[in-house]
Amino acid sequence: MNIFSRRNADKEKWGERLPPGQSATDGWPILHYGSIPLIETKDWTLELGGAVAAPVKLDWDEFMALPQVTLENDIHCVTSWSKFDNVWTGVPVREVLKLAQIKPEATHVMVHSYGGYTTNLALADLDREENLFAHTHNGEALTREHGWPLRLVVPHLYFWKSAKWIRGLNFMVQDQPGFWEMYGYHNRGDPFKEERYS
Ligand SMILES: Nc1nc2c(c(=O)[nH]1)N[C@H]1C(S)=C(S)[C@@H](COP(=O)(O)O)O[C@H]1N2
Ligand SMILES: [Mo]
């Protein structure tokens, strides 16, 4: 099957759930820039800083004591693969945002990962019910390749916004491009609008 007939078959199977220009994958590609940071849960922390009344720092046990959910969604990589029916377990982003007294003038967030990766989000794109910090995928602990111990999952945007090996959020009073956004990827990245590049 060439890519066009493959895409038509996918379109028939997934309908409106398949964004334009995407194909479904059964596997789970591993995609990141640079090498995999080796971070043990005993050394891991999540830091919330920037435009907050007081910075917050959680260790792994404190983080895992937060309310957890399991939910299902589809993910879409800008390189054109989509993966359907992912079941994630983790802590809703909103549970974490509640812990930070975010200043009213904060409009954007820089997401920081161990290893130095960054990606920017409008606060409104981060503060959504379905977003979560996930440690488990389809019932199994994330592998290091996929972001263990913790990754962000923002399913309504291209998957480069879902930072692996997350280490913190920096709240900002104005927007600033993250790693791929600086190299010409779209600032927002809505797969259904095909916001791939800027
Ligand atoms: N820390 C970090 N997170 C990252 C990336 C990265 O390079 N570094 N790449 C992003 C991109 S482009 C994609 S498509 C997904 C891939 O996640 P996966 O390897 O689990 O499929 O991770 C995203 N999160
Ligand atoms: Mo990607």
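Caption draft 1: Looking closely at the site of ligand 1. Close contacts around ligand 1 come from 18 residues, with P29, Y33, H146, R151 and K164 the closest. Between W28 and ligand 1, the recorded distance is 2.9 Å, taken from a side-chain N or O atom to an oxygen atom. Y33 is positioned with one of its backbone polar atoms (N or O) 2.8 Å from an oxygen atom of ligand 1.

Caption draft 2: The side chain of H146, seen in detail. Note that H146 resides in the loop between β9 (140-141) and β10 (151-153). In contact with H146, not counting residues within four places along its chain, are W28, P29, I30, R151 and K164.

Caption draft 3: Layout of the pattern of salt bridges. For the coordinates displayed, the defined rule picks out 12 salt bridges. A salt bridge links R128 to E130, with the nearest nitrogen and oxygen atoms 2.8 Å apart. On the basis of relative accessibility, which here comes to 27%, the residue E130 falls in the partly exposed class. Each member of the salt-bridge network shares a partner with another, and the members are R17, D74 and D85.

What counts, and where the lines are drawn
Residues numbered from 1 in each chain as written. Chains lettered and ligands numbered in written order. Predicted model: local features only at pLDDT ≥ 70, side-chain atom pairs only at ≥ 80, totals over all residues. Heavy atoms only, no water. Near = heavy atom within 4 Å. Polar contact = N/O pair within 3.5 Å; in protein donor to acceptor, adjacent residues only side chain to side chain. Helix = DSSP H or I, 4+ residues; strand = E, 2+ residues; numbered from the N terminus. Contact = heavy atoms within 4.5 Å. Salt bridge = Lys/Arg side-chain N within 4 Å of Asp/Glu carboxyl O. Buried < 20%, exposed > 50% of the residue type's maximum accessible area, 1.4 Å probe, protein only.

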